[in-house]
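Coordinates in review
Here is what each chain is made of, one letter per residue.
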Amino acid sequence: MPILEAVADNSYAYFALGVCAEKSQDSEQALANYRKASRLAPDDRTVFVRFMNLLLSRDDLRAQAMDEIEGRLSGPLAYLALWYRARFEIKDKNWKSAPQTLSDAFKAAQEQNAYQDLPGIQVDHGDVLRQIGDYESAKTAYARAYEIDPLRQDVVVGKALCHCEVAEFEEDRICLEKALESATGDPAHADLWNLHGWSLQHLGDAAHAVESYRKAFEFSEQKDPWYRKGLANVLMNFRPEEARSHFNAIWQQEKSIGSQPTSSQPSGDASTVGLLGWCNYRLGFYDEAIRLIKTVVDRSADEQSAVFDLGLVYLASGRNKLAEDTYLRGYELTQKCQVLRQRGLFYVALFDLADARHQRLLGQDSESIFKAVEEWLHSSGVAVERLPWLADGGIKV
């Protein structure tokens, strides 16, 4: 009885019981204990965060989560309440409201001197801004987070990913290498190594890109298909058989996602279907690659990169008129993006063309498309003549 009496008036005891229940995967008991702890200590940040994280994972408890948020909008945890409101908006893909809510959360956190949470709020803000295509503002959000904590992993990953998506690969490399100086063999660093490989690959440094991609792949226990894809892409230039074995492995791992030839509309999320399409392109199965990538393109009018991938496969398979029309469609879609994002899309489109030409997949009649994409990239503000991987008409390895 003395223990129970102590628990009745002690928010931390209920909190500890909630943590134990959560670790035992008893979410209902965890919620009950967190709820009691929250009632006893409504302004305790640790209790509120743990309670809200569990509520965020449960769609059936949305109303309760909203009540908890509303109850703290006027207190010292107002910034956290706003942040969690934004997280629900992100979960609902409410891109209209989430940016403003996150901006309000950041201001409220500054007023409370809640420095430990400022980077996380800014990373979420940057992620949302990238989602809606506002890369100028996203860069500002990530830069603010980076100024506060340049070694925090979610900050580095967000900033690096943004650099990659706007073709700022040198800035990306510098940012990542600073973070990787203190990296160990922790599997949590896989994302950093993968992005490092991506930046080196698109700077034309294939040899070092392989090393980084291998580390990312090994840290993921050789399970992440995207890390494997990055590794395989680079290996195609000097170890093609090993590369094909990786693309085959991805196909075997993911092919259940609506990949049957009898399925005209493959199931699965667009990114996975697109990944399978890319693997088929790399393996030389062009018809299957077209079927899969075209599915991604048909599902959304905003899949610019998938449109360029489709054009590339058409070109490699000798369907030049379809390739021309598809690249033009990709150009028109990309023109709707901010200039920063245009650079990223055109850069990768040209890089993939140069890569295909280096592997002798393209004929002389592809030159007009190559030159058009080169001009699009130049017009977006990239000094094409300085790209090292364009030297001698192909990727340097």
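If you're wondering where the values come from, they're calculated on a predicted model, not measured in any experiment. The written sequence of each chain sets the order in which its residues are numbered from 1. Residue-level local features of this predicted model are given only where pLDDT is at least 70; pairs of side-chain atoms are given and counted only at 80 or more, and the full residue set underlies all totals for whole chains, interfaces and linings. Side-chain descriptors were evaluated using all non-hydrogen atoms of the structure, hydrogens and water having been removed beforehand.

**With respect to the side chain of Arg-341**
By the element assignment, Arg-341 lies in helix H20 (residues 339-358). We note that Arg-341 is buried and unpaired, the nearest opposite charge coming from Glu-165 at a distance of 4.9 Å. Each helix corresponds to a stretch of at least 4 residues labelled H or I by DSSP, and each strand to a stretch of at least 2 residues labelled E; elements are numbered beginning at the N terminus. Only protein chains enter the accessibility calculation, which uses a 1.4 Å probe; a residue is then buried when its area is under 20% of its type maximum, exposed when over 50%, and partly exposed in between. Charge counting follows a simple rule: Lys and Arg are positive, Asp and Glu are negative, and His as well as the terminal groups are ignored. A pair is scored as a salt bridge if a Lys or Arg side-chain nitrogen falls within 4 Å of a carboxyl oxygen belonging to Asp or Glu.

**Re the packing of helix H8 (residues 118-131) against helix H9 (residues 135-148)**
Two measures define how a pair of helices packs: the angle their axes make with one another and the distance between the axes. Axis lines are fitted to C-alpha atoms, over the contacting stretch for helices. Their N-to-C directions set the angle, which ranges from 0 to 180 degrees. It is the contact of H8 with H9, at a shortest axis distance of 8 Å, that shows an interaxial angle of 165°. Between H8 and H9, the interaxial angle falls into the category roughly antiparallel. Seen along the crossing, H8 lies across H9 with a hand that is left-handed. Between H8, through Leu-118, Pro-119, Gln-122, Val-123, His-125, Gly-126, Asp-127, Leu-129 and Arg-130, and H9, the contact on the second element is made entirely by Tyr-135, Ser-137, Ala-138, Ala-141, Tyr-142, Arg-144, Ala-145 and Ile-148. What sets the label is the angle itself: under 35 degrees gives roughly parallel, over 145 gives roughly antiparallel, 65 to 115 gives roughly perpendicular, and the rest give oblique. Definitions for this section: a left-handed crossing has its near helix turned counterclockwise from the far helix by less than a right angle. A right-handed crossing has that turn clockwise. What makes two residues a contact is simply this: any of their non-hydrogen atoms within 4.5 Å.

**Notes on the packing of aromatic side chains**
Side-chain rings of Phe, Tyr and Trp, where Trp is taken by its six-membered ring, are said to pair if the distance between their centres is within 6.5 Å; with planes under 30 degrees apart they count as stacked, over 60 as edge-to-face, and otherwise as tilted. Taken as a whole and judged by the stated rule, the model has twelve aromatic pairs. A ring pair is formed by Phe-169 and Tyr-347, whose centres lie 4.9 Å apart and whose planes are at 50°; its orientation type is tilted. Placement of Phe-169 in helix H11 (residues 169-180) and of Tyr-347 in helix H20 is noted, with a sequence separation of 178 residues between them. One exposure class covers both Phe-169 and Tyr-347, and it is buried. When the centroid spacing of 5.7 Å and the interplanar angle of 45° are considered together, the rings of Phe-346 and Trp-376 count as tilted. In this pair, Phe-346 sits in helix H20 while Trp-376 sits in helix H21 (residues 367-379), placing the two residues 30 residues apart along the sequence. Residue classification places Trp-376 among the buried positions, given a relative accessible area of 15%. Positioned over the ring face of Tyr-84 is Arg-87, at 4.8 Å from the centre of the ring. Just above the ring of Tyr-146 sits the side chain of Lys-159; from NZ or CZ to the centre is 4.7 Å. By the criterion adopted, a ring carries a charge over it if an Arg CZ or a Lys NZ lies within 6 Å of its centre and within 35 degrees of its normal.

**Let's talk about the pattern of salt bridges**
A side chain with one charge may pair with a side chain of the opposite charge, provided their charged atoms come close. Enumeration over the complete set of coordinates arrives at 27 salt bridges. A salt bridge links Glu-22 to Arg-50, with the shortest nitrogen-to-oxygen separation between them at 3.1 Å. Taken together, the positions of Glu-22 in helix H2 (residues 11-23) and Arg-50 in helix H4 (residues 45-56) put the pair 28 residues apart, joining distant regions of the chain. Residue Glu-22 is classed as partly exposed on the basis of its relative accessible area of 28%. The partner of Arg-239 in a salt bridge is Glu-242, and the shortest N-O contact between them spans 3.9 Å. Taken together, the shared-partner salt bridges in this structure form one network comprising Arg-357, Glu-367, Lys-371 and Glu-374.

**Some points on helix H16 (residues 270-282)**
In a helix, the anticipated span is given by 1.5 Å times the number of residues less one. Look at H16: 18 Å from first C-alpha to last across 13 residues, which is about the 18 Å you get at 1.5 Å a residue. For H16, a buried count of ten out of 13 residues is recorded, marking the element as mostly surrounded by other parts of the structure. What H16 keeps buried is the set Thr-272, Val-273, Leu-275, Leu-276, Gly-277, Trp-278, Cys-279, Asn-280, Tyr-281 and Arg-282. Packing partners of the buried residues in H16 comprise helix H14 (225-235), helix H15 (240-254), helix H17 (286-299), helix H18 (304-316) and H20. A positive phi of about 85° marks Gly-284, the residue just after H16.

**Things to note about the side chain of His-246**
Checked against the element boundaries, His-246 lands in helix H15. Excluding residues within four positions of it along the chain, His-246 makes contact with Phe-217, Arg-228, Leu-231, Ala-232 and Leu-235.

**What to know about the nonpolar core**
Within the largest apolar cluster, 91 residues are counted, with the highest numbers of intra-cluster contacts made by Tyr-281 and Leu-353. Of all the elements, H20 adds the most residues to this core, at ten residues. Setting aside residues no more than four positions away along its own chain, Leu-353 makes contact with Leu-312, Leu-315, Tyr-327, Leu-362, Ile-369, Phe-370 and Val-373. In these notes, a set of buried Ala, Val, Leu, Ile, Met, Phe, Trp, Tyr and Cys residues joined through side-chain atoms within 4.5 Å is what counts as a nonpolar core. Counting 38 residues, the second largest nonpolar core, distinct from the first, contains Met-52, Leu-102, Phe-106 and Ile-121.

**Considerations on the environment of Phe-238**
Structurally, Phe-238 can be placed in the loop between H14 and H15. C-alpha of Phe-238 to C-alpha of Gln-359: the two residues are 121 residues apart in sequence and 9.9 Å apart in space.

**Digging into unusual backbone geometry**
Despite not being glycine, Gln-25 has its phi angle at roughly 65°, a positive value. Turning to its location among the elements, Gln-25 is positioned in the loop between H2 and helix H3 (27-40). Phi is positive for Arg-360, which is not a glycine, with a value near 60°. Take Arg-360: it is sitting in the loop between H20 and H21.

**Some thoughts on the confidence of the model for the protein**
For every residue, the pLDDT score states the predictor's confidence, bounded by 0 at the bottom and 100 at the top. When pLDDT is averaged along the protein, the result is 90; 92% of the residues meet or exceed 70. Every residue in residues 1-7 scores below 50 in pLDDT, and together they form three contacts with partners more than four places removed in sequence or on other chains. Below pLDDT 50 for its whole length, residues 258-267 participates in 24 contacts with residues either more than four positions away or in separate chains.

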